[in-house]
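The primary structure of each chain is shown beneath.
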Amino acid sequence: MRLWVNGGLRDVEDARVSVLDHGMTVGDGIFETVKAVRGRPFALTLHLERLTRSAHGLGLPEPDHDEIRHACAAVLDANPMPLGRLRITYTGGLSPLGSDRGTAGPTLVVALGATAERPDTTAAVTVPWTRNERGALAGLKTTSYAENVVALARAHEQGASEALFANTVGQLCEGTGSNVFVVLDGEIHTPPLASGCLAGITRALAAEWTGARETDLPMDVLHRAQEVFLTSTLRDVQAVVRIDGRESGTAPGPVTAKAMRIFRERAAADPDPR
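Starting afresh in each chain, residues are numbered from 1 along the sequence in its written order. Local features in this predicted model are restricted to residues of pLDDT 70 or higher, and side-chain atom pairs are both shown and tallied only at a pLDDT of 80 or more, whereas totals for entire chains, interfaces and linings draw on every residue. Computation of side-chain values: all heavy atoms of the structure, hydrogens and water removed.

Visitor: How would you explain helix 7 (residues 254-269) if you had to name every residue and give the values?
Guide: Under the DSSP-based scheme used, a helix requires at least four consecutive residues in state H or I and a strand at least two consecutive residues in state E, with every element numbered from the N terminus. Here the expected span of a helix is defined as 1.5 Å times the quantity of residues minus one. The end-to-end C-alpha separation of helix 7 is 23 Å, in line with the 22 Å expected for 16 residues at 1.5 Å each. Listed as buried for helix 7 are Thr256, Ala259, Met260, Ile262, Phe263 and Ala267. Close packing links the buried residues of helix 7 with helix 5 (201-210), strand 13 (227-232) and strand 14 (236-243). Residue burial is assigned from relative accessible area. The probe radius is 1.4 Å, only protein chains are included, and a residue is buried under 20% of its type maximum, exposed over 50%, and partly exposed in between. We call two residues contacting when some pair of their heavy atoms lies within 4.5 Å.

Visitor: Kindly report on the packing of aromatic side chains, identifying the contributing residues and their values.
Guide: Pairing of aromatic side chains requires ring centres within 6.5 Å, counting the rings of Phe and Tyr and the six-membered ring of Trp. Pairs whose planes differ by under 30 degrees are stacked, by over 60 edge-to-face, and all others tilted. Following the criterion strictly, the structure yields 4 aromatic pairs and no others. Note on Phe31 and Tyr145: the rings are 5.3 Å apart at their centroids and 80° apart in plane angle, and the pair reads as edge-to-face. In this pair, Phe31 is assigned in strand 3 (residues 29-37) and Tyr145 in the loop between strand 7 (121-131) and helix 4 (146-157), connecting sequence segments 114 residues apart. You can call Phe31 buried: its relative accessible area is 4%.

Visitor: Can you explain the side chain of Thr52? Please cite residues and give values.
Guide: Here Thr52 shows up in helix 2 (residues 44-58). You can call Thr52 buried: its relative accessible area is 10%. Apart from residues lying up to four places away in sequence, Thr52 is in contact with Glu62, Pro63 and His65.

Visitor: Account for unusual backbone geometry, with residues named and values stated.
Guide: Non-glycine residue Asp236 carries a positive phi angle of around 55°. Relative to the helices and strands, Asp236 resides in strand 14.

Visitor: Give a description of empty space enclosed by the protein that names residues and reports values.
Guide: Definitions used throughout: a 1 Å grid over protein atoms alone; a cavity as a set of points that fits a 1.4 Å probe which cannot get out; a pocket as an open set with protein on both sides within 12 Å along at least five of seven lines; a lining residue as one with an atom within 4 Å of a point. Grid points are joined across faces, edges and corners, and a volume is the space filled by probe spheres set on the points. For the structure on display, the rule yields 1 cavity of 30 Å³ or more. In this model, the largest cavity occupies a volume close to 40 Å³. Gln226, Glu227, Val228, Ala239, Val240, Ser248, Thr250, Ala251, Pro252, Gly253 and Thr256 together form the lining of the largest cavity. Among the secondary structure elements, those contributing two or more residues to the lining of the largest cavity are strand 13 and strand 14. Residues of the lining of the largest cavity, tallied by class, amount to 5 nonpolar, 5 polar and 1 charged. Note that Gly is not counted as nonpolar here; it falls among the polar residues with everything else outside the nonpolar set of Ala, Val, Leu, Ile, Met, Phe, Trp, Tyr, Cys and Pro and the charged set of Asp, Glu, Lys and Arg.

Visitor: Break down helix 5 for me, with residues and values.
Guide: Counting buried residues along helix 5, 7 of its 10 residues qualify, which places the element largely inside the surrounding structure. For helix 5, the full list of buried residues reads Ile201, Thr202, Arg203, Leu205, Ala206, Ala207 and Trp209. Two residues or fewer past helix 5, Gly211 is found with a positive phi of approximately 75°.

Visitor: Describe in detail the pattern of salt bridges, supporting the description with residues and values.
Guide: We define a salt bridge as a side-chain nitrogen of Lys or Arg found within 4 Å of a carboxyl oxygen belonging to Asp or Glu. One pass over the full model with this rule turns up 12 salt bridges. For Arg16, the salt bridge is made with Asp14, and the minimal N-O distance between the two is 3.9 Å. Assessed through its relative accessible area of 61%, Arg16 is described here as exposed. For Glu214, the salt bridge is made with Arg203, and the minimal N-O distance between the two is 2.6 Å. In this pair, Glu214 is assigned in strand 12 (residues 213-214) and Arg203 in helix 5, connecting sequence segments 11 residues apart. Judged by its relative accessible area of 5%, Arg203 falls in the buried class. Residues joined in a network through salt bridges with shared partners are Arg131, Glu147 and Glu174.

Visitor: Tell me about the layout of surface pockets, and name the residues and values.
Guide: Roughly 950 Å³ of volume is contained in the largest pocket. Contributing to the lining of the largest pocket are 42 residues, with Lys141, Tyr145, Asn148, Thr176 and Gly177 lying nearest its centre. The set of elements that each furnish at least two residues to the lining of the largest pocket consists of strand 3, helix 2, strand 5 (83-91), strand 7, helix 4, strand 9 (172-175), helix 5 and strand 13. Per element, the largest residue contribution to the lining of the largest pocket is 4 residues, and it comes from helix 4. When grouped by side-chain class, the residues that make up the lining of the largest pocket number 11 nonpolar, 20 polar and 11 charged. Roughly 590 Å³ of volume is contained in the second largest pocket. Lining the second largest pocket we find 23 residues, and of these Lys35, Val37, Glu117, Asp236 and Arg264 sit closest to its centre. For the lining of the second largest pocket, the secondary structure elements donating two or more residues are strand 3, strand 4 (40-41), strand 14 and helix 7. Residues that form the lining of the second largest pocket fall into these classes: 14 nonpolar, no polar and 9 charged.

Visitor: Run through the packing of helix 2 against helix 3 (residues 65-78), naming residues and quoting values.
Guide: Two elements in contact, helix 2 and helix 3, have axes separated by 11 Å at closest approach and are oriented at 130°. The pairing of helix 2 with helix 3 is recorded here as oblique in orientation. Crossing hand, helix 2 versus helix 3: right-handed. Together, Leu44, Thr45, Leu48, Glu49, Leu51 and Thr52 of helix 2 and His65, Ile68, Arg69 and Cys72 of helix 3 make up the contact between the two elements. Residues of the contact of helix 2 with helix 3, tallied by class, amount to 5 nonpolar, 3 polar and 2 charged. Whenever a helix is involved, its axis is fitted only over the stretch in contact; in every case the axis is a line through C-alpha atoms, and angles between N-to-C directions fall within 0 to 180 degrees. These descriptions rest on fixed angle ranges, namely under 35 degrees for roughly parallel, over 145 for roughly antiparallel, 65 to 115 for roughly perpendicular, and the rest for oblique. In a left-handed crossing the near helix is turned counterclockwise from the far helix by less than a right angle, and in a right-handed crossing that turn is clockwise.

This is how it looks when you write it as structure tokens:
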């Protein structure tokens with residue numbers, strides 16, 4: 001395995017970042033996960049645009065898209081595989097201990113790992129912790145991911161692959177690494193960005209391609225909806241068959257199945273949608 005670290009390819013044994021990197025000491029960093037099919041990244045332009053929005057939100061220097069595209073191409077070329085998880089990480093760089101940033105400039109790492117196709121259905125649980133829709137990091141894809149680690153561990157303990165959060169006012173928000181959609185009376189709804197959820201790339205494409213509506217939703221909608229599905233870079237569109245141990249009927253239901261088909265066809269037709 002070869003990775004890109006600060007300007008060049010490195011063997012995995014030599015791919016090192018300082019222990020004083022601000023991403024390591026205080027989680028001062030952002031990242032993107034990009035699906036790569038047979039060496040070709042999907043929706044890279046949209047991911048780079050979101051990386052830049054996250055950088056602005058965190059106060060990091062603007063990422064150089066040309067450099068990152070070059071790094072992604074080099075890593076993909078060096079590590080051929082049928083389906084990969086391409087990870088772009090961009091941090092505050094070498095800094096003193098504490099919250100203040102140093103002056104050395106940002107760190108850029110691009111790595112690739114093999115992955116497998118996700119099944120069409122999965123299970124999810126709700127968790128007692130909330131997303132803060134008014135917090136400084138709301139809507140940013142940062143490396144401060146510990147609360148997702150804790151929530152996902154809870155999901156795995158209960159035989160599920162995802163944990164779903166409410167926000168501070170009790171509305172449905174998102175999963176640890178996914179966005180959530182529900183089907184009510186045949187119409188598809190998803191929480192608005194104001195709920196505090198991440199502006200998922202797959203979320204935006206799925207909403208556009210299926211006509212889903214942004215709607216404030218209470219948490220109990222998960223148990224009232226005719227169908228529930230998740231979206232993410234590696235899930236694409238994935239039906240939820242069980243929530244908190246309760247079966248949600250036959251999944252994927254007809255609306256979800258149609259959304260899965262539409263997404264698959266549109267994504268295959270245009271690997272870099274705008």
